[in-house]
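# Coordinate analysis (summary)
Below are the chains, spelled out letter by letter.
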Amino acid sequence: MLDAAVTVGALPRRFDGLTGLDAYFAAARGTSGDAGERAPLEMTKWFDTNYHYLVPEIGPDTTFALDAARLVAQVTEAVAEGYETRPVVVGPVSFLLLAKPSDDAPAGFSPLSRLGDLLPVYAGLLRELREAGATWVQLDESGLVADHLTDTSDVTPEATRAAVTEAYRVLATELDAAERPAILLQASYGSLGAALPVVAATDVEAVALDLVRGALPTGPVDGLESKTLVAGVVDGRNIWRADLAAKLDLLERAQGLGAAGVVVGTSTSLQHVPHDVTTERWDDATLDANLHAWLAFADQKVAEVAVLAKALTDGRDAVADEVRASSDAVASRRDAAGVRVDAVRARTAALSRHDFERGEHDARVAEQASRLALPPLPTTTIGSFPQTVDIRRARAAHAKGELSTEAYEQAMRDEIARVVTLQEELGLDVLVHGEAERNDMVQYFAELLDGFAVTSNGWVQSYGSRCTRPSILWGDVSRPEPMTVRWTTYAQSLTEKPLKGMLTGPVTIMAWSFVRDDVPLAETANQLGLALRDEIADLEAAGIAVVQVDEPALRELLPLRKADQETYLNWSVGSFRLATAGVRPDTQIHTHLCYSEFGEVIGAIDHLDADVTSIEAARSRMEILPELRDEGFGRGVGPGVYDIHSPRVPSTGEVVELLELAVKTVDPTLLWVNPDCGLKTRGYAEVNPSLEHLVAAAREVRATL
Ligand code: GLN
Ligand code: ZN
């Protein structure tokens, strides 16, 4: 998206005067000090993935001007080396759908209204690519698989489809075929649905469909007979080896749609999966052998595409060995120990309504108030404290075998003690242990739960230079032993103040792992819910009075089509309730959701039935609060009062101002005071003064109540 914004010359005015990589970096990270104050572009999640993109800002006055130099240089270089490549650019319709209105745009402005001005620039780009020697270009139009993409622009599906017709009339019909590369229109992450006939009616030469998340159309589609159909049958988002026989059947059905030709592809780009499974080693010999047979990372997926393509040209017999090996892998996975655990299935099958229900809310509130005895506007943090160099060094040394487990755990206990003392000195009301012992909020649990494997080299980009190593959920999930109890009770033993047990919720564990494709997500969510329920019961029995279950990814997995959202919200919210509903009325359940677009999920947040919800709110200046008030949200709420994503230290006055806004908007007895998110990426030089100011501000506003 950033590349596309630069290519069409649409970076906001504040980046004027910057060129080349300076402009890219400034747009991605912002600038300050001597370089001048410039806010970066906003970053948001790409479709329903954990990859983030930079959001272009488009207004009525945005100018578009072609800057094709970077793409053209790449094509020219490839041609000179003798390679035929297919440049990939975000298509014009999706570019505008994924953009947001600039700050100066009038209310109701939609970036898509600028399509007419953008198209000549895309036409110029296609001409230059052709001149440079590109015979094909890929225009990504995945925006067409979602009913709506940003909360700020309200574009109807009809308007989107009209835009497709217009865009490809200009780019495919009006541009002479000799003047431009052939166009492949790619749509990933779901089905085109009603947009498919519209795309098929354009004059693009090829259409690529996601046939993993998306479904094959049920009958022939008018217009397809003149196009190549790229059948995205190999899963670009998950790591399971393909069942080649099943994929060949799917390809045969794709051939029945009447396209001029069928080509094999992956369902999405391969950016969502790690590179190469052959570099992984798992300690357990059986698991190692199994996972190598069951998994396909990017390199293996490319080989699968090649095998399937060979079958299309030379017949199934030509790939009989490969198909047999893949069927064997499927069978071995189906039958392997741990994939299906009867005791786990029996437990989820026996769940009843009652397991998802907590006692009456008002009664709970009273019992918690008397047990916790907190002041109004209680102060707390979201869980993690800085992961210092020392912590990371100790973990690395322990992993290498240079530091004994005893010494490592002692170092973590010392760190926890430091963090507890610090919070007491700061005067916070509800403390945390600081999560020093956790490498990552998902991987930590994946390492302790049965049913997961973790990788050593399986990195996937999240944004910029930040990568994550998603865990692999391969079997039924259960908890062999308590995961957090000894750390939490140790921390609680050091203080009289209540200390929050800290867990990651089922949906977030699933969203940031590679999930199974052989059971419904709802089943896995309940298995995780039960494992967490047991953990919470153990924490409660050990005297912990407050437990937080983080679900920052609840919004991320929200289906792109409205029709699918209710089912998703039922099972996802259900799994959170399953995890938390077993507690006593006087145990307080917190949740944390770190994003600010709640509009469409406010009802779901209420259904979580948590006692207190902390959310990101500082950057949006508490915009969420009127929404919560209007929805009659009657639960504790901690709108973040400062942005932890920036090293900036907020002043006491600033926090007071936000809190004054908050107490005017919602019932002050519901309000909590906390930062926007965990502090693990920050240093103590920022954390100490920031929290000092937070506590001072809470005391000041408390005194006015
Ligand atoms: N408890 C976690 C932390 O503080 C929550 C992180 C998150 O929301 N991403 O780090
Ligand atoms: Zn967060």
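Cut-offs and rules
Residues numbered from 1 in each chain as written. Chains lettered and ligands numbered in written order. Predicted model: local features only at pLDDT ≥ 70, side-chain atom pairs only at ≥ 80, totals over all residues. Axes fitted to C-alpha atoms, helices over the stretch in contact; angles between N-to-C directions. Helix = DSSP H or I, 4+ residues; strand = E, 2+ residues; numbered from the N terminus. Parallel < 35°, antiparallel > 145°, perpendicular 65-115°, else oblique. Left-handed = near helix turned anticlockwise from the far one by under 90°. Contact = placed C-beta atoms within 7 Å. Nonpolar A, V, L, I, M, F, W, Y, C, P; charged D, E, K, R; others polar. Near = placed C-beta within 6 Å. Buried ≥ 20, exposed ≤ 12 C-beta atoms within 10 Å, placed from the backbone. Pairing = 2+ DSSP bridges.

It is worth spelling out the packing of helix 9 (residues 285-294) against helix 11 (residues 320-335) at this point. Across the interface, helix 9 lies against helix 11 with an axial gap of 9 Å and an inter-helix angle of 135°. The pairing of helix 9 with helix 11 is recorded here as oblique in orientation. In the packing of helix 9 onto helix 11, the handedness of the crossing is left-handed. The residues of helix 11 that touch helix 9, namely those facing N290, A293 and W294, are A329, S332 and R333. Per-class residue counts for the contact of helix 9 with helix 11 are 3 nonpolar, 2 polar and 1 charged.

Here helix 8 (residues 244-255) crosses helix 10 (residues 298-314) at 50°, and the two axes come no closer than 11 Å. By the criterion of interaxial angle, the relationship of helix 8 to helix 10 is oblique. Judged by the twist between their axes, the crossing of helix 8 over helix 10 is right-handed. Counting all contacts with helix 8, which are made through L244, K247, L248 and L251, the residues of helix 10 involved are E304, V307, L308, A311 and L312. Looking at the contact of helix 8 with helix 10, its residues break down into 7 nonpolar, no polar and 2 charged.

Near ligand 1, the surroundings consist of 13 residues, among which I382, G383, S384, P552 and G678 are the closest. Grouping the constituent residues of the shell around ligand 1 by class yields 6 nonpolar, 4 polar and 3 charged.

In this structure, F47 takes a positive phi of about 50° despite not being glycine. Here F47 is to be found in the loop between strand 1 (42-45) and strand 2 (52-55). What makes F47 buried here is the crowd of 20 C-beta atoms within 10 Å. Located in the positive-phi region is L377, a residue other than glycine, with phi close to 45°.

The next thing to look at is the sheet that holds strand 15 (residues 500-504). The strands that make up a sheet pair up through hydrogen bonds in the backbone, lying either parallel or antiparallel. Read across the open sheet, the 5 strands follow the order 15-17-18-19-20; overall the sheet is parallel. Where the open sheet ends on each side, the last strands, each with one partner, are strand 15 and strand 20 (636-639). Neighbour-to-neighbour, the strand axes of the sheet open up by a mean angle of 20°, direction not taken into account.

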